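Geometric and topological summary
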Amino acid sequence: MKQIILVPIYYFFKYLVRIILKIYHPSTVVIGQQNLQQKGPLIVISNHPNTLLDPLHVATRLRRYVHFLANASLFKNPIMGWMLNQLYCIPVQRTQDTDGKPLDNKEAFARSNDFLSKGGCLYVAPEGTSWMEKRLHPLKTGTARIALSFEAEQQFKAGLQILPIGLIYDQPNLFGSKVQMKVGSPVAVSKYQTAYANNPQETVRQLTDDLETILQNLIIHTETLENESLFNEIQDLYYFS
């Protein structure tokens, strides 16, 4: 769907959202800001502990405009779907969105590839769903599939990179929560060229596993709910005693 919102208006709203985030999360620290200056086609990924706020925190720190992969269920309402398309969102289906029918994300992949081919920046939350937890849930393979299929179409000469960002909230559901953004080093997709030529499916899995390990190292990955609960108890004592 064609966007009618002009880029200057996008940047105006982006600036406005950044001001609102500064009010809502006044204590926000960004580590690795130098890694935000990437040029060329880029996929930005992060963990997803705080629903709407996660992509906003990421997008407002990037100087370029960003397209977002968003759950297809959000587009079912025609008015909402139109608005999301104007806000540079691309619908992607999950298993829970299709009532048991096979997934069909050909259009999402096509739109993503077209955007990346123009040097665009795409944001993806590869866990697929927001979890208000510090631990990282297993990543879906969609990010790796988009990245590798795009580079394969470009003979692995497009220079696509994947930029990992870890988001840590001390109290994600509260106004004034402390936020830390850890921006990791970009991953060059081209280094998977030989592996992809030999075994595409295995390479998708390998890239997904590599990205999962990187994100785990950028956040507080507690592995289990029991460890998560223990960590939260200690954190509450530290911040509120």
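My aim in this report is to walk through the structure given alongside it, one point at a time. For clarity, every value in this text was computed on a predicted model and none was experimentally measured. (Residues numbered from 1 in each chain as written. Predicted model: local features only at pLDDT ≥ 70, side-chain atom pairs only at ≥ 80, totals over all residues. Heavy atoms only, no water.)

1. A word on the packing of aromatic side chains
What counts, and what does not: Planes of paired rings set the category: under 30 degrees apart is stacked, over 60 is edge-to-face and the rest tilted, where pairs are Phe, Tyr or Trp rings (Trp by its six-membered ring) whose centres lie within 6.5 Å. In this description a helix means any DSSP run of H or I spanning at least four residues, a strand means any run of E spanning at least two, and both kinds are numbered starting from the N terminus.
Under the criterion given, the structure shown has five aromatic pairs. Considering the side-chain rings of Phe12 and Phe13, the 5.5 Å spacing of their centres and the 70° angle between planes classify their relative orientation as edge-to-face. Between Tyr24 and Phe175, the ring centres sit 5.2 Å apart and the planes meet at 85°, which makes this aromatic pair edge-to-face. Within this pair, whereas Tyr24 is found in helix α1 (residues 7-24), its partner Phe175 is found in the loop between β6 (161-169) and β7 (179-183), the two being separated by 151 residues in sequence.

2. Quick notes on the pattern of salt bridges
Stated formally: One speaks of a salt bridge when a side-chain nitrogen belonging to Lys or Arg is within 4 Å of a carboxyl oxygen belonging to Asp or Glu. The buried label applies to any residue whose accessible area, calculated with a 1.4 Å probe on protein chains only, is under 20% of its type's maximum; exposed applies above 50%, and partly exposed to all values in between.
Inspection of every chain in the model, using the stated rule, returns three salt bridges. Between Asp114 and Lys118 there is a salt bridge, with its nearest N and O atoms 3.3 Å apart. Taking the relative accessible area as the measure of exposure, Lys118 reaches 64% and is therefore exposed. Residues Glu133 and Arg135 are paired through a salt bridge, measuring 2.8 Å at the closest nitrogen-oxygen approach.

3. Details of helix α2 (residues 53-61)
Burial runs high along α2: seven of the nine residues are buried. The complete set of buried residues in α2 reads Leu53, Asp54, Pro55, His57, Val58, Ala59 and Thr60.

4. What about the packing of helix α5 (residues 142-153) against helix α7 (residues 200-218)?
Definition in use: Simply put, an axis is a line fit to the C-alpha atoms, just over the touching stretch for a helix, and the angle between two N-to-C directions goes from 0 to 180 degrees. If an angle is under 35 degrees, it is roughly parallel; if it is over 145, roughly antiparallel; if it lies from 65 to 115, roughly perpendicular; otherwise it is oblique. By convention the crossing between two helices is left-handed if the near helix lies anticlockwise of the far one by an angle smaller than a right angle, and right-handed if it lies clockwise. The criterion used for residue contact is that any of the two residues' heavy atoms lie within 4.5 Å. By the convention adopted, Pro, Cys, Tyr, Trp, Phe, Met, Ile, Leu, Val and Ala count as nonpolar, Lys, Arg, Asp and Glu as charged, and the other residues, Gly among them, as polar.
Contact geometry for α5 and α7: axes closest at 8 Å, N-to-C directions at 120°. Here α7 runs oblique to α5, going by the angle between their axes. In the crossing of α5 with α7, the sense of the turn from one axis to the other is right-handed. Between α5, through Thr143, Ala144, Arg145, Ala147 and Leu148, and α7, the contact on the second element is made entirely by Thr203, Val204, Leu207, Thr208 and Leu211. Split by residue class, the contact of α5 with α7 holds six nonpolar, three polar and one charged.

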